[in-house]
Amino acid sequence: MNRLAVELPGLSLKNPIMPASGCFGFGREYARFYDLSVLGAIMIKATTKEPRFGNPTPRVAETPGGMLNAIGLQNPGLDKVLEEELPWLEQFDVPIIANIAGSTVEEYVEVAEAISKAPNVHALELNISCPNVKKGGIAFGTVPDVAAELTRLVKEVSAVPVYVKLSPNVTDIVAMAKAIEQAGADGLTMINTLVGMRIDVKTGRPVLANGTGGLSGPAVKPIAIRMIYDVSQAVSIPIIGMGGIQTAEDVLEFFYAGASAVAVGTANFVDPFVCPTIIADLPALLDELGIGHISECIGRSWKTGAHAVHCRA
Amino acid sequence: MIGHERMTVASQRLIAERTYELTLSGRLVQEMRQPGQFVHVKVAASADPLLRRPLSLCHIDHKQGQCTIIYRQEGKGTALLAQKQPGDTVDVLGPLGNGFPLEAAPAGSRALLVGGGIGVPPLYELAKQLTKRGVKVVSVLGFQTKAAVFYEEEFAAFGETHVATDDGSHGTAGRVTDVIEARSLEFDVLYACGPKPMLRALAERFPNRPVYVSLEERMGCGVGACFACVCHVPGSETAYKKVCSDGPVFRAGEVVL
Ligand SMILES: Cc1cc2nc3c(=O)[nH]c(=O)nc-3n(C[C@H](O)[C@H](O)[C@H](O)COP(=O)(O)OP(=O)(O)OC[C@H]3O[C@@H](n4cnc5c(N)ncnc54)[C@H](O)[C@@H]3O)c2cc1C
Ligand SMILES: Cc1cc2nc3c(=O)[nH]c(=O)nc-3n(C[C@H](O)[C@H](O)[C@H](O)COP(=O)(O)O)c2cc1C
Ligand code: FES
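Source: prediction; values computed, not measured. (Residues numbered from 1 in each chain as written. Chains lettered and ligands numbered in written order. Predicted model: local features only at pLDDT ≥ 70, side-chain atom pairs only at ≥ 80, totals over all residues. Heavy atoms only, no water.)

**Q** Can you walk me through the site of ligand 2 in this structure?
**A** All names here are of chain A. The full set close to ligand 2 counts 22 residues, and Ser21, Asn99, Lys165, Gly244 and Thr266 are the nearest of them. Contact between ligand 2 and Gly243: an oxygen atom at 3.5 Å from a main-chain N or O atom of the residue. The contact in question runs from an oxygen atom of ligand 2 to an N or O atom on the side chain of Thr266, over 2.6 Å. The protein chains hide 98% of the 600 Å² of surface that ligand 2 would expose on its own. (Near = heavy atom within 4 Å. Polar contact = N/O pair within 3.5 Å; in protein donor to acceptor, adjacent residues only side chain to side chain. Areas by Shrake-Rupley, 256 points an atom, 1.4 Å probe, with all protein chains shown as cover.)

Set out below in structure tokens:
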């Protein structure tokens, strides 16, 4: 028995670890470090209909235990992703989750329909929550009705299951999650980055050219955990969790909160081998905690009998 | 090949105001070839500071298995690096990026190396490798003030070297471009690293000559995956180059400065 294998809508994962969208490009760079087939899945960079340059630089700013980014959805556009990036990824035995974005409902629908037909795309991740896109982007992710409507329209055209990526920049994430579940989403991914800002004390101006950016990294982990803890109890569709994961212990924390798989973002920049390292570390951690299969951990923090978790501390 | 190693500090010394020369030993040195390539350094094992710091290779010594980096203490990361003692280890990812093209300067030709401040270090390995190939090297190094000057003698060992300081406290008063004008320095190829205004001035001054510039940009991954470090390509709204993996060295005109 593979004690790390996880079944999710559209995804038979050999392990529940995947790089998060925007933190792994289309895989080419990290393929120089290790065989991408070891990964559970790969979430590719957000794809829009047309190529986008994104925001002016500087686009990143470090913060204590984290970083702000304002990339602005730079990507080569749908055609190039379909013609070059996805076919290149076919050499690896790994399902692709295509992260899609747009400025209008029509754009989302068009990209979703086309990209969901690619042979190695096993699921879509609807990025309704990127804080760095001015036109529309923010509204899709913060108004439940708008997010639900978009989910419905994308579901209608998609050839594969649709996961919707939730923004933490909302007052009631549970209401948002429920609206998206009702609209027919097959799963949720959370969290995207938190809108933040840094100001340069020498110039008195924001460090990022865009002014604001999205906070990621270890600093956001407690927020991600709390939100997954709340949402997983309110919906019955699975959650792929992310936000500050660096170690196998972090992964279990996300499972205990209610995630069924996880994605690793910023940590790839710090250690390009972080994903294979976590995958290698997990079995020993499960042994240490007396856990047979990783799925047993899902939602343990709120399910009855949580106190029965055996820990040889 | 890009590698990842905990390299060992062989030595570290202060060579100018807030400026350190750090020598590291490790297997990774054997992968280091091109002047102008950089390493991405994690200065502390903790999550703070989180990101790696890009620092140029200043000297590569395959025989000793050592490489040297020269950096200026700026913020949190470089302050922590400055505390490293011989025997300590440093987490290094590299070598990264594409360096200065040596083949642009054939044997017997004249190369002008222009460095500004903390842009000077990568030119040292370049001067060394060009000289070895039989290229005549002339260096112009610009600093803010006398206390910031370093490696003047080291560069002089490879050929004619001029130093300029903004405040005139050492060498010629003024900028590197003033020195090039005043001395009517001739060259077949120009290689430069330093602040963007300096690079822009050089590119504008010699629009039809082979000029290679090394750029700096804030980085996330350092390997081409995150799109943090892009710059525009002339004549296009969407075309881009990544400083970390397409650069950091570009031919002037290849990217918008
Ligand atoms: C390709 C390349 C080569 C470089 N080579 C050298 C070198 O040989 N010697 C040297 O002294 N400096 C070099 N730099 C600049 C050096 O990376 C920064 O001075 C250093 O990252 C500052 O870190 P800090 O923690 O001290 O500063 P902080 O201000 O605390 O850093 C905060 C964040 O901003 C980033 N940052 C700050 N300044 C710069 C900068 N100028 N360029 C890119 N990122 C920056 C840091 O990496 C960090 O992520 C190079 C930069 C690049 C891109
Ligand atoms: C540089 C960068 C680019 C990102 N780009 C995207 C993107 O294109 N689409 C998306 O849905 N999320 C994007 N994200 C968000 C991540 O996928 C992830 O949700 C978030 O960073 C939290 O995880 P982490 O703390 O492990 O990085 C990006 C994050 C970073 C740091
Ligand atoms: S720093 Fe990530 S692409 Fe250049």
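**Q** When you look at the pairing of strand β12 (residues 212-216) of chain A in this model, what are you seeing that I'm missing?
**A** All names here are of chain A. In terms of strand pairing, strand β6 (residues 66-69) meets β12 through three bridges, oriented antiparallel. Counted as the bridge partner of Asn69 is Gly214 from β12. Where strand β11 (residues 194-197) and β12 come together, four bridges link them in antiparallel fashion. Paired with Leu194 across the two strands is Leu215, which belongs to β12. (Pairing = 2+ DSSP bridges. Helix = DSSP H or I, 4+ residues; strand = E, 2+ residues; numbered from the N terminus.)

**Q** Would you mind going over the interface of chain A and chain B with me for this structure?
**A** Many analyses report the size of an interface as the accessible area lost when the parts associate. Opposite the 30 residues of chain A that make contact, chain B presents 30 residues. Here chain A and chain B share an interface that buries about 2,600 Å² over both sides, 67% of which is from carbon and sulfur atoms. Our enumeration of links across chain A and chain B arrives at two salt bridges. One salt bridge in this structure joins Glu29 of chain A and Lys242 of chain B, with 3.8 Å as the shortest N-O distance. Inspection of the region where chain A meets chain B yields eight residue pairs in polar contact (both at pLDDT 80 or more). Counting only elements with at least two residues in the side of chain A that touches chain B, the list comes to β5 (60-63), β6 and α8 (267-270) of chain A. Considering every element that reaches the side of chain A that touches chain B, the biggest residue donor is β5 of chain A, with three residues. Of the residues assigned to the side of chain A that touches chain B, the class counts are 15 nonpolar, nine polar and six charged. (Contact = heavy atoms within 4.5 Å. Buried area = accessible area lost by both parts, 1.4 Å probe. Salt bridge = Lys/Arg side-chain N within 4 Å of Asp/Glu carboxyl O. Nonpolar A, V, L, I, M, F, W, Y, C, P; charged D, E, K, R; others polar.)

**Q** So what exactly am I meant to see when it comes to the packing of helix α6 (residues 221-234) of chain A against helix α7 (residues 248-257) of chain A here?
**A** Helix-helix packing is characterised by the crossing angle of the two axes and by the distance between the axes. Residues and elements named next belong to chain A. Interaxial distance between α6 and α7 falls to 8 Å at its minimum, and their mutual angle equals 30°. The angle between the axes of α6 and α7 places the two elements in the roughly parallel class. Facing Lys221, Ala224, Ile225, Ile228, Tyr229 and Ser232 of α6, the residues of α7 in contact are Asp250, Glu253, Phe254 and Ala257. Split into classes, the residues belonging to the contact of α6 with α7 amount to six nonpolar, one polar and three charged. (Axes fitted to C-alpha atoms, helices over the stretch in contact; angles between N-to-C directions. Parallel < 35°, antiparallel > 145°, perpendicular 65-115°, else oblique.)

**Q** Help me out: how do you make sense of the environment of Glu21 of chain B in this one?
**A** Residues and elements named next belong to chain B. Here Glu21 is to be found in strand β2 (residues 19-25). Residues Glu21 and Asp166, spaced 145 residues apart in sequence, show a C-alpha to C-alpha distance of 23 Å. Not counting the four nearest positions on each side in its chain, Glu21 is found in contact with Ser11, Gln12, Arg13, Ile15, Thr68, Ile69, Ile70 and Tyr151. Within polar-contact distance, the side chain of Glu21 engages the side chain of Arg13 at 2.7 Å. A distance of 2.6 Å separates the side chain of Glu21 from the side chain of Tyr151, its partner in a polar contact.

**Q** Explain helix α4 (residues 144-157) of chain A here, please?
**A** The α-helix advances 3.6 residues per turn, and as a result positions three or four apart in sequence lie on the same side. Residue and element names in this part refer to chain A. Over its 14 residues, α4 runs 21 Å from end to end, which matches the ideal 20 Å to within 8%, given 1.5 Å per residue. Three or more residues of α4 are buried, namely Ala147, Ala148, Leu150, Thr151 and Val154. Taken down its axis, α4 places every buried residue within 165° of arc, on the same side. The outward face of α4, more than 90 degrees from its buried face, is lined by the exposed residues Asp145 and Glu156. (Expected span 1.5 Å × (residues − 1). Buried < 20%, exposed > 50% of the residue type's maximum accessible area, 1.4 Å probe, protein only. Arc of directions from axis to C-beta.)

**Q** How should empty space enclosed by the protein be read in this particular structure?
**A** All names here are of chain A. Overall, the coordinates contain two cavities of 30 Å³ or more when judged by the stated rule. Counted as a void, the largest cavity has a volume near 520 Å³. Looking at the largest cavity, it is lined by 40 residues, and the ones nearest its centre are Ser21, Cys23, Asn69, Asn192 and Thr193. Elements with a contribution of two residues or more to the lining of the largest cavity: β4 (42-47), β6, β12, β14 (261-264) and α8. The element contributing the most residues to the lining of the largest cavity is α8, with three residues. Looking at the lining of the largest cavity residue by residue, the class counts come to 22 nonpolar, 16 polar and two charged. (1 Å grid on protein atoms, 1.4 Å probe; cavity = no way out; pocket = protein on both sides within 12 Å on 5 of 7 lines; lining within 4 Å. Points joined across faces, edges and corners; volume = space filled by probe spheres on them.)

**Q** When you look at the site of ligand 1 in this model, what are you seeing that I'm missing?
**A** Residues and elements named next belong to chain B. Near ligand 1 you find 18 residues, and of these Arg53, Pro54, Gly77, Thr78 and Ile118 are the closest. With respect to ligand 1, the backbone of Lys76 contributes an N or O atom lying 3.3 Å from an oxygen atom. Computed on the free molecule, ligand 1 has an accessible area of 830 Å², of which 86% lies beneath the protein chains in the complex. The element best represented in the shell around ligand 1 is strand β4 (residues 53-56), accounting for four residues. Of the residues assigned to the shell around ligand 1, the class counts are seven nonpolar, four polar and seven charged.

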